[in-house]
Amino acid sequence: MFGKRAGVLLAAALLASVLGACGDDDSGGGGSSGGGGRLVIGFAQVGAESGWRTANTKSIQDSAKAAGVELKFSDAQGKQENQIKAIRSFITQRVDVIAFSPVVESGWDTVLKEAKDAEIPVILTDRAIDSPDDSLYETFIGSDFVLEGQKAGEWLTQEYQGKTDPVNIVELQGTPGAAPANDRKAGFAEVIKKDPKFKVIASQTGQFTRTDGKQVMETFLQSHDDIDVLYAHNDDMGLGAIEAIEAAGKVPGKDIKIITVDAVKDGMTALSEGKINFIVECSPLLGPQLMDLAQKVADGQSVEKRVLTKETTFTPEQAKEVLPERKY
Ligand code: AHR
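This structure is a prediction, so every number in the text was calculated from the model and none was measured. (Residues numbered from 1 in each chain as written. Predicted model: local features only at pLDDT ≥ 70, side-chain atom pairs only at ≥ 80, totals over all residues. Heavy atoms only, no water.)

Peer 1: What's the story with helix α2 (residues 51–67) in this structure? I'm lost.
Peer 2: Every α-helix winds through 3.6 residues per turn, so residues three or four apart in the chain are directed the same way. In this model, α2 (17 residues) spans 24 Å end to end at C-alpha, consistent with the 24 Å of a helix rising 1.5 Å per residue. For α2, the set of buried residues is Trp52, Arg53, Ala55, Asn56, Thr57, Ser59, Ile60, Ser63 and Ala64. Elements that come into contact with the buried residues of α2 comprise β1 (40–45), β2 (70–75), β4 (122–126), α8 (235–247), β9 (257–262) and α10 (287–298). After α2 finishes, the residue Gly68 shows a positive phi value of roughly 70°. (Helix = DSSP H or I, 4+ residues; strand = E, 2+ residues; numbered from the N terminus. Expected span 1.5 Å × (residues − 1). Buried < 20%, exposed > 50% of the residue type's maximum accessible area, 1.4 Å probe, protein only. Contact = heavy atoms within 4.5 Å.)

What follows is the structure, encoded as structure tokens:
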């Protein structure tokens, strides 16, 4: 009554529905629903290295849900090769738009040419690439990281205005080769070099993580007893460093002044307590803009090549004011 062929067909139908249901979580399985009116975006995320990244992922996932977009989400766990694999998988699945936040700036041309040949538009979110060929992507949405570094440097020059003693700075850099690490370093250096009293006495990567921030700060403290300022490329590394500073018997924010970038809730809390002195904001809430731009490029509309996020800076007093409403 239930023949072998009918059984095979039923099994195939079941498998297809399971693969379809997997689409929201993983680039590895399932085919794109393609057409049918529902926009399909393949998004390759960097990883989950920081509070900023977690908020960014949530913004993208929530906005996709709200916009009725099918999101195929892949977490590269900080590895470029995983992001390249995810992009290739999105091409095979024929998604409508590919979006990704590049782990590092270089090395994307080959895979992006593959996307271009497959006529799948690409959107860069949060981080840019350093390819000379800007036809490989439709648009970039995110922050001006050089400006963020400059804002950090400008606060410092204001803070030490009129003083002549040397100011010894240690720097915790983001992931090597990542746009925010390169640009925040360059922007800061460009401003402080105007005054020779500012000296970067040590600069090393803390990988944008709390654990590495703490560990590297410990080594800075062991080799230098004259640190005046810490400039950390994100809040998480700054928060890790605060633990190391306190363990060394020093007072963060007083014995060592601290500047960070991001303004996530934990960073803002430390700022309101005076453990951090200044935070340059970098907004992770890119989801709504991404959905809007993805729909536009999928519809063949022209979009701006670079869409910059509006951002501010925070002092401890300002952090106290905005903290109650801070969503991430
Ligand atoms: O690319 C944005 C940066 O990446 C954030 O400042 C940092 O916290 C993150 O990991």
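Peer 1: How do you make sense of the side chain of Asn277 when you look at a structure like this?
Peer 2: Locating Asn277 in the fold gives a position in the loop between α9 (265–272) and β10 (278–281). Here Gly253 takes part through its backbone oxygen, which lies 2.9 Å from a polar atom of the side chain of Asn277. Only 2.7 Å separates the side chain of Asn277 from the backbone nitrogen of Ile258, close enough to count as a polar contact. Setting aside its immediate chain neighbours within four residues, Asn277 contacts Trp155, Gly253, Ile256, Lys257, Ile258, Leu271, Phe314, Thr315 and Pro316. (Polar contact = N/O pair within 3.5 Å; in protein donor to acceptor, adjacent residues only side chain to side chain.)

Peer 1: I would appreciate a short explanation of the pattern of salt bridges in the present structure.
Peer 2: Any two side chains of opposite charge can pair, given that their charged atoms come close. Evaluation of the coordinates by the stated rule reveals 17 salt bridges. Residues Arg127 and Glu49 are paired through a salt bridge, measuring 3.9 Å at the closest nitrogen-oxygen approach. With Arg127 in the loop between β4 and β5 (139–142) and Glu49 in the loop between β1 and α2, the pair connects residues that are 78 residues apart, well separated along the chain. No difference in accessibility class separates Arg127 from Glu49, as the two residues are buried. The salt bridge partner of Glu243 is Lys214, with a shortest N-O separation of 3.5 Å. With Glu243 in helix α8 and Lys214 in helix α7 (residues 210–223), the pair connects residues that are 29 residues apart, well separated along the chain. Taking the relative accessible area as the measure of exposure, Lys214 reaches 30% and is therefore partly exposed. Salt bridges sharing common partners tie together Glu49, Arg53, Asp126 and Arg127. (Salt bridge = Lys/Arg side-chain N within 4 Å of Asp/Glu carboxyl O.)

That's the geometry; what it means functionally is another story.
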